[in-house]
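# Fold and geometry: a report
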Amino acid sequence: MAGFLPTPEAATAFAFGLERKFAGLKLKKQEVDGFAMPYLEGGRGDVLVLLHGFGGDKDNFTRMAGRLTKHYRVVLPDLPGFGEASRDVSAHYRIADQVARVRAFCRALNIERMILGGNSMGGFIAAQYAATYPEDVAALWLLAPAGVAAAQQSPIMIRYRETGEIPLVMRSPDGARALIQAVMTRPPYIPAFAIKTFGRRGAADQALHARILNEVLEQSPLLETQFASLRVPALIVWGAEDKVLNPRAAATFQRLFRHNKLILMPCVGHVPMMEAPFRTARDFLAWAPRVG
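Residues numbered from 1 in each chain as written. Predicted model: local features only at pLDDT ≥ 70, side-chain atom pairs only at ≥ 80, totals over all residues. Heavy atoms only, no water.

This part covers the pairing of strand E3 (residues 47-51). Within E3, five of the five residues are buried, leaving the element largely enclosed by the surrounding structure. Going residue by residue along E3, you find Val47, Val49 and Leu51 tucked away on one face and Leu48 and Leu50 tucked away on the opposite face as well. Relative to strand E5 (residues 114-120), E3 is paired through four bridges, and the arrangement is parallel. Across the sheet, Leu48 pairs through a bridge with Ile115, a residue of E5. (Buried < 20%, exposed > 50% of the residue type's maximum accessible area, 1.4 Å probe, protein only. Helix = DSSP H or I, 4+ residues; strand = E, 2+ residues; numbered from the N terminus. Pairing = 2+ DSSP bridges.)

The structure is reproduced here in structure tokens:
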């Protein structure tokens, strides 16, 4: 129809569809414990499962995944409560709850052993998973992970404790731009229609996400209070300019995971896989062990 303009949501879906195609990823769906968990999958070989952070989704890894699907079977799920996954206001979303769902998801896909990675909250879930089920995890890839006390000594988390305000929980669609500025030092180009789509989705999730954040911060035990030394090898990656979680927390993760490598990325913020996707993928490929 002449003059027809797609909605921001339709334009975003089309753009993501192209990005996924270039990365060698296909959209699939799995039901887990009453939740629909859409996921992206592509490539062959050893399995690499990556978990997004709070307020994020599976496409946070799409651009980087284009460098990984040549070497791995890459699986990128939407965690319950986020992205295109189900929302259940009566459910709990503590880290242990999400670990159980991720394990059920992996079992449903016949994934018994993998490299497991995650960003921010997803890194907390990945680390907790590896500590709980070390036989399932050949190695960990932690990208600015949450889950230790030192990580919360950051400008954004300190302000949240003082005021209750945090860019990760959007009160209105306009909050999307503030979120992008908070998590990235040098944001890549993001079309206005995509920003509008993220903002609308974030604002619609405001009440649920405020509760989930409380469950992650107040009802999920920190890793260092549960574990002293973990044997799973870990690649710890942190943007030196992260304002959401303090990069100095990397030292705590190094103490927890005694077989580790730390990469501190200059001029990068909280989401290295989005801000510096090719460099982040290259560093991982240079480090990654065989699943075996």
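Following the criterion strictly, the structure yields 18 salt bridges and no others. We note a salt bridge from Glu135 to Arg103, for which the minimum N-O separation is 3.8 Å. With Glu135 in the loop between helix H4 (121-132) and strand E6 (137-145) and Arg103 in helix H3 (residues 95-108), this residue pair connects regions lying 32 residues apart in the sequence. Residue Glu135 is classed as partly exposed on the basis of its relative accessible area, which comes to 44%. For Arg211, the salt bridge identified is with Glu215, shortest N-O distance 3.0 Å. Of this pair, Arg211 and Glu215 both sit in helix H8 (residues 206-218), four residues apart, which is roughly one turn of the helix. When salt bridges with common partners are traced through the structure, they connect Arg103, Arg107, Glu135 and Asp136 into a single cluster. (Salt bridge = Lys/Arg side-chain N within 4 Å of Asp/Glu carboxyl O.)

A few words on helix H7 (residues 192-204). In this model, H7 (13 residues) spans 18 Å end to end at C-alpha, consistent with the 18 Å of a helix rising 1.5 Å per residue. Summarising the contacts, the buried residues of H7 are in contact with helix H1 (8-23), helix H6 (175-183) and H8. (Expected span 1.5 Å × (residues − 1). Contact = heavy atoms within 4.5 Å.)

Let us look at a nonpolar patch on the surface. Together, Phe14, Leu18 and Phe22 line one region of the surface with nonpolar side chains, adding up to about 380 Å² of accessible area. With respect to the element layout, Phe22 can be found in helix H1. Using a relative accessible area of 70% as the deciding quantity, one classes Phe22 as exposed. (Patch = residues over 30% accessible without salt bridge, like charges linked within 9 Å, V, L, I, M, F, W, Y side chains within 5 Å. Areas by Shrake-Rupley, 256 points an atom, 1.4 Å probe, with all protein chains shown as cover.)

Take the packing of aromatic side chains next. Under the definition given, this model contains nine aromatic pairs. Between Phe35 and Tyr93 the ring centres are 6.1 Å apart and the planes differ by 75°, which places this aromatic pair in the edge-to-face class. Here Phe35 is found in strand E2 (residues 35-42), whereas its partner Tyr93 is found in the loop between strand E4 (73-77) and H3, with 58 residues between them in sequence. Ring geometry for Trp141 and Phe284: centres 4.1 Å apart, planes at 15°, overall stacked. Linking Trp141 in strand E6 with Phe284 in helix H12 (residues 277-287), this pair joins segments that are 143 residues apart in sequence. Phe284 sits in the buried class, given a relative accessible area of 0%. An aromatic cluster is present here, built from Tyr72, Trp141, Phe284 and Trp287 joined pairwise through their rings. Positioned above the aromatic ring of Tyr133 is the side chain of Arg103, whose terminal nitrogen or guanidinium carbon lies 3.8 Å from the ring centre. (Phe/Tyr/Trp six-rings, centres within 6.5 Å; stacked < 30°, edge-to-face > 60°. Lys NZ or Arg CZ within 6 Å of the ring centre and 35° of its normal.)

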